[in-house]
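Working through the structure, step by step
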Amino acid sequence: MIFRKILVTGGAGFIGSNFVRYLLKNSKFSRQRRDPEGIHQKSLHSGEIRNSKLKVINLDKLTYSGNLENLRDVESDSRYKFVRGDICDKRVVFDIAKGCDAMINFAAESHVDRSIRDSTEFIRTNIFGTQTLLEAAKKYRVRRFIQISTDEVYGSIHRGCFREDSPLLPNSPYAASKAAADLLARSYFITHKLPVIVVRSSNNFGPYQYPEKIIPLFITNAMENRRVPLYADGRNEREWLYVLDNCDAISHVLHFGRDGQIYNIGSGDGFKNIDLTMRILRILGKDKRLIKFVKDRPGHDRRYALDFIKITRLGWRPRYKFEDALNETVLWYKENAGWWKRLKKRKEQKFW
Ligand code: NAD
Ligand code: TDX
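Residues numbered from 1 in each chain as written. Chains lettered and ligands numbered in written order. Predicted model: local features only at pLDDT ≥ 70, side-chain atom pairs only at ≥ 80, totals over all residues. Heavy atoms only, no water.

Here the focus is the site of ligand 2. Near ligand 2, the surroundings consist of 21 residues, among which Thr150, Glu152, Tyr174, Arg297 and His300 are the closest. Within the contact set of ligand 2, an oxygen atom lies 2.5 Å away from a side-chain nitrogen or oxygen of glutamate 152. Contact with the protein chains removes 93% of the 660 Å² of surface that ligand 2 exposes when unbound. Contributions of two or more residues to the shell around ligand 2 are made by helix H6 (214-223) and strand S10 (228-231). (Near = heavy atom within 4 Å. Polar contact = N/O pair within 3.5 Å; in protein donor to acceptor, adjacent residues only side chain to side chain. Areas by Shrake-Rupley, 256 points an atom, 1.4 Å probe, with all protein chains shown as cover. Helix = DSSP H or I, 4+ residues; strand = E, 2+ residues; numbered from the N terminus.)

If you want it as structure tokens, here you go:
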């Protein structure tokens, strides 16, 4: 399936900005004479789609984690347009959705610790915002609606992996709000035949991640020779997916996925937080005495792990090696110290 006008919500955040860049980079301008429509599907390596008519609209409220600096390099691209607005604002959403043939909803409150402190915005944006987008998608009959969900909707797993048909048992207010949105999106497929696909990805890392999440927080703290706060015994485990692999998977699902389906997106690279921390400190040449064990996060999920065989059957697989991607990420934070130092200076947003 090929799309002319794609609405990306939350495109100024971490994954959204990487995805907007990915879309623009991987949609080739191929003005072929024998293709008068200017749209021509599938070519070359995984991810590359010929689509000379592409337009990408980024709707983002610019909350604390939204940052237009994340898209400086593409802001003058004529195929790209930014609109500041709230996904809960029906007027704005309906106005923008008109004429779009695909919608991809990244917009969310995304940090578990913040949802523990106050879940109000999580319920509003993650649930009501998704419902507003679904209604607009229904009205304007978009050909594809992708809801960006998360592995956290399944809750914690001691051994083995979650499959797409595993029960949902979210443990944090963040995860519960994402589970509600995930199920709401599915219900629009069942009830209204809206062409919805839900993707549930594991923990992402890479450039432009807000320095409240463990990897960028620990890299930047360590670079400043500050302690890195590891919760409890540091033995909680996460499955780490490089953000560009996730973008590739989402694009793959957008173009080749099946309506009404759920796809897990994982990497198989599961690490305990303590091992992840040691790797980061090693890359930076820092001493392990920077580690500070602190009080646990309430309701802290012990382990996430995904079975992602279903999406591999669609023809996608992760391409980056964890070690290389982590090195690249550390390098990015080294080379872009201005970016994260500006964010860390904002006292009112302090989580470190
Ligand atoms: P992020 O916090 O970096 O970005 C969220 C973006 O949404 C920001 O640009 C913010 O301004 C925008 N936003 C927030 N509320 C909005 C509203 N009401 N209207 C419009 N825009 C709004 O988050 P992220 O890490 O990039 O996550 C993106 C999506 O992926 C989220 O839906 C998240 O639940 C999901 N996800 C994230 C991860 C991860 O590891 N980061 C893993 C799985 C799923
Ligand atoms: O300071 C810290 N110390 C620490 O030990 C922080 C911020 C985290 N941690 C631990 C908690 C988790 O076990 O590290 C692990 C990862 O924590 P986060 O980076 O906060 O991510 P997580 O809670 O796993 O959620 C992330 O992945 C799934 C994203 O924030 C979600 O948006 C996504 O849905």
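Right, let's get into the side chain of glutamate 164. For glutamate 164, the position within the fold is in the loop between strand S7 (144-150) and helix H5 (173-192). Despite its burial, glutamate 164 remains without a salt bridge, the nearest opposite charge being carried by lysine 310 at 5.3 Å. Of note is the side chain of glutamate 164, whose polar atom sits 2.8 Å from the backbone nitrogen of asparagine 264. Ignoring any residue separated from it by four or fewer positions in sequence, one finds glutamate 164 in contact with Tyr154, Arg200, Ile262, Tyr263, Asn264, Asp307 and Lys310. (Buried < 20%, exposed > 50% of the residue type's maximum accessible area, 1.4 Å probe, protein only. Lys, Arg positive; Asp, Glu negative; His and termini not counted. Salt bridge = Lys/Arg side-chain N within 4 Å of Asp/Glu carboxyl O. Contact = heavy atoms within 4.5 Å.)

Before going further, it helps to spend a moment on the confidence of the model for the chain. The predicted model of the chain averages 93 in pLDDT, with 92% of residues at 70 or higher. For the stretch residues 29-45, pLDDT sits under 50, and the model shows 32 contacts to residues farther than four places along the chain or on other chains. (pLDDT = per-residue confidence, 0-100.)

Before going further, it helps to examine the packing of H6 against helix H10 (residues 322-335). Their axes nearest at 10 Å, the elements H6 and H10 cross at an angle of 55 degrees. Between H6 and H10, the crossing angle belongs to the class labelled oblique. Handedness of the H6/H10 crossing: right-handed. Within the contact between the two elements, H6 uses Ile215, Pro216, Ile219, Thr220 and Met223 and H10 uses Leu326, Thr329, Val330, Tyr333 and Lys334. (Axes fitted to C-alpha atoms, helices over the stretch in contact; angles between N-to-C directions. Parallel < 35°, antiparallel > 145°, perpendicular 65-115°, else oblique. Left-handed = near helix turned anticlockwise from the far one by under 90°.)

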